[in-house]
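Below are the chains, spelled out letter by letter.
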Amino acid sequence: MRKEDSVKLISAEGFEFVIHKDAAMVSQIISNMLTSPGSFAETEHREVTFPEISTTILEKICQYFYWSLQYANGKETEFPIEPELTLELIMAANYLDT
């Protein structure tokens with residue numbers, strides 16, 4: 001994957017997830033951050049830090065982004081969510097507009 005095709009998402013603990021730009025664009029908030037006019041750090045460096053989202057939750061969100069792309073392309077599979085993550089995932093999904 002070329003650098004210009006990737007986006008780095010950084011969790012509250014500083015863990016970095018490098019994912020494909022198309023997957024990151026599933027989130028309207030991330031899409032807006034990366035495509036906004038002007039010289040914002042997120043746009044220039046293709047990095048978005050989420051100081052309120054834990055590593056575990058951000059990992060699950062990244063998995064969801066890829067699952068969502070597959071689902072949109074007609075591959076219908078289940079997306080398992082562990083019950084103990086449900087509340088935090090709902091809050092993060094609401095924030096990320098996914």
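In this numbering scheme, every chain counts its residues from 1 along its sequence in written order. A pLDDT threshold of at least 70 governs which residues receive local features in this predicted model, and a stricter bar of 80 or more applies before side-chain atom pairs are shown or counted, although totals over entire chains, interfaces and linings include all residues. The side-chain figures draw on all heavy atoms in the structure; neither hydrogens nor water molecules are used.

Under an unreviewed UniProt entry, the name given to the protein is Elongin-C, and the organism recorded is Salix udensis. UniProt positions are given in the numbering used here, feature names are shortened, and annotations may be inferred rather than shown by experiment. Regarding the protein, the UniProt comment filed under Pathway (unreviewed entry) reads as follows: "Protein modification; protein ubiquitination." Database annotation for the protein, UniProt heading Sequence similarities (unreviewed entry): "Belongs to the SKP1 family."

## Let's talk about the overall build of the protein
The secondary structure listing takes helices from DSSP runs of H or I that are at least 4 residues long and strands from runs of E that are at least 2 residues long, numbered from the N terminus. Looking only at helices and strands, one finds 5 helices and 3 strands in the protein. When the helices and strands of the protein are placed in sequence order, the string is β-β-α-α-α-β-α-α. Overall, the C-alpha framework of the protein stretches about 40 × 30 × 20 Å when taken along its three principal axes. In the protein, which comprises 98 residues, the share counted as buried stands at 32%. Should any heavy atoms of two residues lie within 4.5 Å, those residues are considered in contact. In the protein, of all internal contacts separated by at least 6 residues, the share reaching a separation of at least 24 is 62%. With a 1.4 Å probe rolled over the protein chains alone, any residue whose accessible area is under 20% of its type maximum counts as buried; one over 50% counts as exposed, and the rest are partly exposed.

## A short note on the packing of aromatic side chains
Here a pair means two rings of Phe, Tyr or Trp (six-membered ring of Trp) with centres within 6.5 Å. Their orientation is stacked below 30 degrees between planes, edge-to-face above 60, and tilted elsewhere. Under the defined criterion, the tally for this structure stands at 6 aromatic pairs. Measuring from ring centre to ring centre gives 4.9 Å for phenylalanine 15 and phenylalanine 17, while their planes differ by 55°; the resulting arrangement is tilted. On the basis of relative accessible area, phenylalanine 15 is assigned to the partly exposed category, the value being 45%. Judged by relative accessible area, which is 12%, phenylalanine 17 ranks as buried. Grouped by ring-pair contacts, the aromatic residues Tyr64, Trp67, Tyr71 and Phe79 constitute a single cluster. Sitting over the ring of phenylalanine 79, lysine 60 keeps its end group 5.0 Å from the ring centre. We call a charge positioned over a ring when the NZ of a Lys or the CZ of an Arg lies within 6 Å of the ring centre and within 35 degrees of the ring normal.

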